[in-house]
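Geometric and topological summary
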Amino acid sequence: RVTARIKCGCVDGDNNPDIIAGQGQMYMYKGFSDRTLGTGIPLMTMTGQFEFYNIIDINNDGWNDLLYDTPNYWGFYKNNGDLTFSNIIISSDN
């Protein structure tokens, strides 16, 4: 699978680094304590131009979120703690 977007950080709460990667469809590759990765789990679909900047707990709820930017707005995907994410737009040109 070819990807243009890739970030590393824990998103499932086990303190092992996971890989978030994809082009359009974004996947999480679970990191295990033996330094191996699991099969890609579909997380979300991103369309248009976007850039992931960081995996960080933006809202201080104990779960790492995915900070992103597009040409028209920026925000983060709030980690719901169950491998689902909610899109939170912080600023928009509109």
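This text gives an overview of the structure that appears in the document. (Residues numbered from 1 in each chain as written. Predicted model: local features only at pLDDT ≥ 70, side-chain atom pairs only at ≥ 80, totals over all residues. Heavy atoms only, no water.)

As paired elements, strand β5 (residues 51-56) and strand β6 (residues 65-69) share 5 bridges and run antiparallel to each other. Looking at the pairing, F52 lines up with Y68 of β6. Pairing analysis gives 4 bridges linking β6 to strand β7 (residues 73-79), with the strands arranged antiparallel. If you follow D69 over to β7, its bridge partner there is W74. Counting the residues in the hairpin turn of β6 and β7 gives 3 residues. (Pairing = 2+ DSSP bridges. Helix = DSSP H or I, 4+ residues; strand = E, 2+ residues; numbered from the N terminus.)

Looking now at the pattern of salt bridges. Under the counting rule described, the total for this entry stands at 3 salt bridges. In this structure, D12 and K30 form a salt bridge, with 2.8 Å as the shortest nitrogen-oxygen distance. Linking D12 in the loop between β1 (5-9) and β2 (18-23) with K30 in strand β3 (residues 25-31), this pair joins segments that are 18 residues apart in sequence. Where D14 meets K30, a salt bridge forms, and the shortest distance between an N and an O atom there is 2.5 Å. Of this pair, D14 sits in the loop between β1 and β2 while K30 sits in strand β3, placing them 16 residues apart in sequence. Residue classification places D14 among the partly exposed positions, given a relative accessible area of 28%. Linked by salt bridges that have partners in common, D12, D14 and K30 make up one network. (Salt bridge = Lys/Arg side-chain N within 4 Å of Asp/Glu carboxyl O. Buried < 20%, exposed > 50% of the residue type's maximum accessible area, 1.4 Å probe, protein only.)

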